[in-house]
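Structure at a glance
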Amino acid sequence: FFFVSFPSAVSMGQSIPKATFTWEEVKKHNTTDSCWVVADGLVFDVTEFLPLHPAGVKSIMMRAGGDATRDYRFHSAGSRDSVWKKYCIGRLAKERPCCPLRTVAREFEWVRPTHVDNPSRTSSIAEKIAAE
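On a predicted model such as this, the values are computed, not experimentally measured, just so you know.

1. Side note on the confidence of the model for the protein chain
Averaged over all residues, the pLDDT of the protein chain equals 75, while 61% of them reach at least 70. The secondary-structure element of the protein chain with the lowest mean pLDDT is helix 5 (residues 101–111), recorded at 48, while strand 2 (residues 30–31) shows the highest, at 97. Long-range and interchain partners of residues 1–12, a stretch whose pLDDT sits below 50, account for 16 contacts in this model, where long-range means more than four residues apart.

This is how it looks when you write it as structure tokens:
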């Protein structure tokens, strides 16, 4: 596993709006009347840009209300600086996992799936997770 750093709107000197949005909020904006996308943890309202995109509305609508990081990174730093930053409206909120790891381990233990080769192995895995 390795991490590749790409220039983001933050590193390009843009002042990021302080607003934060959850994925639930972003997902609601998936129409041509209100189109938001997320890229590298930043939220962009690209509604006004839809008719201006060289590849057409459809290319953006495929990512509407979702993650467009791959597309964001495809564009040059100049494009991200001159075009994308205009539409940045805030950051994606850091969300907590739905439940603590121990709760997951307890649920895992409660369901008690069995391992094909060694049924006792399943129980020991859950016990190790719960002990952490």
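Structure's up, so let's keep going.
2. Here's the deal with the side chain of Thr 69
Turning to its location among the elements, Thr 69 is positioned in helix 3 (residues 69–74). Here Thr 69 is in contact with Val 38, Ala 39 and Asp 40, once residues within four sequence places are set aside.

3. Let's talk about the environment of Ser 76
You can see Ser 76 is positioned in the loop between helix 3 and helix 4 (77–82). For Ser 76, a relative accessible area of 45% puts it in the partly exposed group. A distance of 3.0 Å separates the side chain of Ser 76 from the backbone nitrogen of Ser 79, its partner in a polar contact.

4. So, the pairing of strand 3 (residues 34–39)
A large share of strand 3 lies buried, amounting to five of its six residues. Pairing of strand 2 with strand 3, which is carried by two bridges, proceeds in the antiparallel orientation. Counterpart to Asn 30 in the pairing with strand 3 is Cys 35. Counted between consecutive antiparallel strands, the loop separating strand 2 from strand 3 contains two residues. Sheet topology note: the strand 3/strand 4 (residues 42–45) ladder contains four bridges and is antiparallel. Bridge pairing in strand 4 places Val 37 opposite Phe 44. What sits between strand 3 and strand 4 in their antiparallel hairpin is a turn of two residues, with Asp 40 showing a positive phi close to 50°. In this sheet, strand 5 (residues 66–67) lies alongside strand 3 in parallel orientation, the contact comprising two bridges. In the sheet register, Val 38 faces strand 5, and the bridge partner there is Asp 67.

Calculation rules
Residues numbered from 1 in each chain as written. Predicted model: local features only at pLDDT ≥ 70, side-chain atom pairs only at ≥ 80, totals over all residues. Heavy atoms only, no water. pLDDT = per-residue confidence, 0-100. Helix = DSSP H or I, 4+ residues; strand = E, 2+ residues; numbered from the N terminus. Contact = heavy atoms within 4.5 Å. Buried < 20%, exposed > 50% of the residue type's maximum accessible area, 1.4 Å probe, protein only. Polar contact = N/O pair within 3.5 Å; in protein donor to acceptor, adjacent residues only side chain to side chain. Pairing = 2+ DSSP bridges.

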